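Descriptive structure summary
Chain by chain, the residues run as shown.
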Amino acid sequence: MLPAAQCHAGCPQSDANYTALDQSWRSVTTGSSYQDDYSYYAAEHPMGGVSSLSAASWYRFVAPAGTRMPTEAPGYQRCNGHQTGWLSTAHPAAGDAPSAGTVCWQTSSSAAAECSYTTSVEVCACSYDGSATTTYTYKLPRPYSSSYYVYCADEDMEVPPPPPQLPPPPDFEGAVRLVGGPSMAQGRLEVYHDGVGG
């Protein structure tokens, strides 16, 4: 069992607990064809045929498909299907409990059709390498319909949050401040003396 800070107990604890989706056609950079995650086919569409979230299995997107589900509409007729599935809810942080997610289905090139239908999913974030990276897994039932609906994958493009800003420099002898920590309440203690903090 991984430490709770790296992976919640309700999430897949190793690669033995999820199925890898590595098909290159799942990438948002791939155009249209006739893939369909609604119908079961073990090698390509293992979630097909499973209509309920409670009975669904866990999946992870891996190269060459991508590393995570996109969080913006990828466009109509992408990912080797016609209707493209993307995650309209935020990804959780590593160690969080499985979070309820919503996959939107884009059914035309119109902006109004970026989320024509939805499918409820669950999302987990774990670190299987001691917090060096975050891996996302998804509990996916079959899509909304059988008209070439496909779960898409993308590369992890999230930008890490900026480091916290330093507090203003002290302006009087003996003033103290914390610097170099992950927040303004943590860090190295500096004392202002003879016009220098240290």
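A brief structural summary.

So, how was this worked out
- Residues numbered from 1 in each chain as written.
- Predicted model: local features only at pLDDT ≥ 70, side-chain atom pairs only at ≥ 80, totals over all residues.
- Heavy atoms only, no water.
- Buried < 20%, exposed > 50% of the residue type's maximum accessible area, 1.4 Å probe, protein only.
- Helix = DSSP H or I, 4+ residues; strand = E, 2+ residues; numbered from the N terminus.
- Pairing = 2+ DSSP bridges.
- Phe/Tyr/Trp six-rings, centres within 6.5 Å; stacked < 30°, edge-to-face > 60°.
- Axes fitted to C-alpha atoms, helices over the stretch in contact; angles between N-to-C directions.

Details of the pairing of strand 6 (residues 135–140)
Counting buried residues along strand 6, six of its six residues qualify, which places the element largely inside the surrounding structure. Burial of the side chains of strand 6 extends over both faces: Thr135, Thr137 and Lys139 are buried on one face and Tyr136, Tyr138 and Leu140 on the other. In this sheet, strand 6 lies alongside strand 2 (residues 57–61) in antiparallel orientation, the contact comprising three bridges. The residue of strand 6 that forms the bridge with Tyr59 is Tyr138. Strand direction decides the pairing type here: strand 5 (residues 117–126) and strand 6, joined by five bridges, are antiparallel.

Comments concerning the packing of aromatic side chains
Tallying each qualifying case throughout the model produces seven aromatic pairs. Seen from their ring centres, Tyr117 and Tyr144 are 4.0 Å apart, and the 10° between their planes marks the pair as stacked. Of this pair, Tyr117 sits in strand 5 while Tyr144 is found in the loop between strand 6 and strand 7 (149–151), placing the two residues 27 residues apart along the sequence. Judged by its relative accessible area of 34%, Tyr117 is partly exposed. Pairwise contacts between aromatic rings join Trp105, Tyr117, Tyr144, Tyr149 and Tyr151 into one cluster.

Here's the deal with the sheet that holds strand 7
Reading across the sheet, the seven strands line up as 1-2-6-5-4-3-7 and stay open at both edges, with mixed pairing between neighbours. If you trace the sheet from one side to the other, it starts and ends with strand 1 (19–21) and strand 7, each paired once. Between one strand axis and the next, the sheet turns by 35° as a mean value, whatever way the strands run.

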